Amino acid sequence: MTLTIKSYGDEVTPEWVEAMMEVLEKATWRQECSLEDVFPTRLLSKLLKDCQALLRKEPTVVDIEVPKDGKINIVGDTHGQFHDVLTLLGSAGRPSEKNLFLFNGDFVDRGYWGVEVLSTLLSWKLCYPDSVFLT
């Protein structure tokens, strides 16, 4: 079975992020999978460039307003632990307009799955730019 992430076109949707996370999660358990086979370089580059363009438009310091009926999840140091990020998103819920996330640095510095963690966080940022914050 070949695991490959499909292109997202012009816009990152929650469905695309979910599908990407599923492929990445399956691939982490398969030793014969290379990251380049699973996440083509051209697609990863597009994701990084799209997020770079978005982040350049944001101010350095932002005030985060949580909707009255919403919540914010403050997440510290994920350290490249992709399965921990998946567990966190499973228990806290996926990002949305009413379920905000603030990820506080150290996304990828120690764990085996730094690209997977960063790709997931950046994808959710592109999907919900006013609900996902990366510091």
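Further up the page is the structure itself.
What counts and how
Residues numbered from 1 in each chain as written. Predicted model: local features only at pLDDT ≥ 70, side-chain atom pairs only at ≥ 80, totals over all residues. Heavy atoms only, no water. Helix = DSSP H or I, 4+ residues; strand = E, 2+ residues; numbered from the N terminus. Rg over C-alpha atoms; globule rule 2.2 N^0.38 Å. Buried < 20%, exposed > 50% of the residue type's maximum accessible area, 1.4 Å probe, protein only. Contact = heavy atoms within 4.5 Å. Areas by Shrake-Rupley, 256 points an atom, 1.4 Å probe, with all protein chains shown as cover. Lys, Arg positive; Asp, Glu negative; His and termini not counted. Charge placed at Lys NZ, Arg CZ, Asp CG, Glu CD. Salt bridge = Lys/Arg side-chain N within 4 Å of Asp/Glu carboxyl O. Patch = residues over 30% accessible without salt bridge, like charges linked within 9 Å, V, L, I, M, F, W, Y side chains within 5 Å.

## Brief notes about the overall build of the protein chain
The secondary structure content of the protein chain amounts to 5 helices and 3 strands. Each helix and strand of the protein chain, placed in order from N terminus to C terminus, yields the pattern α-α-α-β-α-β-α-β. Against the 2.2 N^0.38 benchmark of 14 Å for 135 residues, the protein chain shows a C-alpha radius of gyration of 15 Å, consistent with a compact globule. Taken over the C-alpha atoms alone, the protein chain extends approximately 45 × 30 × 25 Å along its principal axes. When each of the 135 residues of the protein chain is scored for burial, the buried share is 41%. Here the analysis covers contacts within the protein chain between residues at least 6 apart in sequence; of these, 77% occur between residues at least 24 apart. Total accessible area on the protein chain is roughly 8,000 Å²; 52% of this is exposed by carbon and sulfur atoms. Put simply, the protein chain has 14 plus and 21 minus side-chain charges, and the middle of one group is 3 Å from the middle of the other.

## Comments concerning the pattern of salt bridges
Within the structure shown, the criterion is met by 6 salt bridges. Taking the shortest distance from any N to any O, the salt bridge between Lys 98 and Asp 69 comes out at 2.6 Å. With a gap of 29 residues between them, Lys 98 in the loop between helix 4 (82-92) and strand 2 (99-104) and Asp 69 in the loop between helix 3 (41-57) and strand 1 (71-76) connect regions that are remote in the sequence. Judged by relative accessible area, which is 45%, Lys 98 ranks as partly exposed. Among the residues examined, Asp 69 registers a relative accessible area of 55% and is labelled exposed.

## Considerations on a nonpolar patch on the surface
On the surface, Val 66, Ile 72 and Ile 74 cluster together into a nonpolar patch covering about 240 Å² of accessible area. Of note, Val 66 is situated in the loop between helix 3 and strand 1.

## Quick word on unusual backbone geometry
In this structure, His 79 is a non-glycine residue whose phi angle is positive, near 50°. Summarising the element assignment, His 79 is placed in the loop between strand 1 and helix 4. Even without being a glycine, Asp 106 presents a positive backbone phi close to 45°. Here Asp 106 shows up in the loop between strand 2 and helix 5 (114-127).

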